[in-house]
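Architecture at a glance
Next come the chains, spelled out residue by residue.
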Amino acid sequence: MRSLKDSGSSPQKGNWYRLLSDHGDGVGMLTKSWHYTSPSGEEYRDNPRQLYVLEVVEPATYGVGYSPEDSVLCMWLNAPSPGRITVHHLSFPVPQFVELVAEGEEPPEYADLMAQQSGDA
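Anyway, here's the lowdown on the structure attached to this text. Small disclaimer: the values here were computed from a predicted structure and weren't measured.

1. Here's the deal with the overall build of the protein chain
Scanning the protein chain for helices and strands turns up three helices and seven strands. Listing every helix and strand of the protein chain by position from the N terminus yields α-β-β-β-β-β-β-α-β-α. Relative to the globule expectation of 14 Å for 121 residues, the C-alpha radius of gyration of the protein chain, 15 Å, shows essentially globular dimensions. If one aligns the C-alpha atoms of the protein chain with their principal axes, the spans along those axes are about 45 × 30 × 30 Å. Every one of the 121 residues in the protein chain was classed for burial, and the buried ones make up 31%. Contacts in the protein chain between residues at least 24 apart in sequence constitute 53% of all its contacts with a sequence separation of at least 6. Only carbon and sulfur atoms are counted for the fraction: they give 47% of the accessible area of the protein chain, which is about 7000 Å². On the protein chain, the mean spot of the 8 positive side-chain charges and the mean spot of the 17 negative ones are 4 Å from each other.

2. Here we look at the side chain of serine 3
Tracing the sequence through the fold places serine 3 in the segment before α1 (4-7). Among the polar contacts made by the side chain of serine 3, one reaches the main-chain amide nitrogen of aspartate 6 at a distance of 3.1 Å. The contact partners of serine 3, leaving out residues within four places of it in the chain, are Leu20, Val98, Glu99, Val101 and Ala102.

3. Here we look at helix α3 (residues 108-118)
Among all positions of α3, only Glu109, Tyr110, Asp112 and Leu113 are buried. One side of α3 holds all its buried residues, which, seen down the axis, span an arc of 160°. On its buried face, α3 is in contact with β1 (16-19), β2 (33-37), β3 (43-48), β5 (71-81) and β6 (84-93). Just past α3, the residue glycine 119 takes up positive phi, approximately 85°.

Conventions used here
Residues numbered from 1 in each chain as written. Predicted model: local features only at pLDDT ≥ 70, side-chain atom pairs only at ≥ 80, totals over all residues. Heavy atoms only, no water. Helix = DSSP H or I, 4+ residues; strand = E, 2+ residues; numbered from the N terminus. Rg over C-alpha atoms; globule rule 2.2 N^0.38 Å. Buried < 20%, exposed > 50% of the residue type's maximum accessible area, 1.4 Å probe, protein only. Contact = heavy atoms within 4.5 Å. Areas by Shrake-Rupley, 256 points an atom, 1.4 Å probe, with all protein chains shown as cover. Lys, Arg positive; Asp, Glu negative; His and termini not counted. Charge placed at Lys NZ, Arg CZ, Asp CG, Glu CD. Polar contact = N/O pair within 3.5 Å; in protein donor to acceptor, adjacent residues only side chain to side chain. Arc of directions from axis to C-beta.

These values are about where atoms sit, not about what they do.
Printed below as a string of structure tokens:
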């Protein structure tokens with residue numbers, strides 16, 4: 001699978017991107033795949049970690065943290081227990097983001113998050 005950098009693409013607001021490798025280390029590590037169990041009990045082993053781009057911001061944007069480069073604000077989803085989806089946010093400088101991700105798709109846990117937020121789960 002080719003990274004955004006290798007494909008000559010740039011991150012776009014509102015798109016999902018697949019993490020190509022583990023990022024970080026220790027407790028804060030974001031893994032490229034994970035085991036997800038839906039509220040209905042369906043299991044997704046080696047579920048690809050998807051990042052959703054909320055915004056691409058200019059350097060030194062207030063509230064994002066200082067970066068001398070444009071940054072990608074994104075969210076990723078986790079399930080600390082079956083049926084409970086949590087949302088996490090992080091930012092990357094664009095040059096780093098395009099090396100870490102490839103084009104992705106909406107993950108199964110996103111529909112479960114929408115159901116959870118609407119009270120249907």
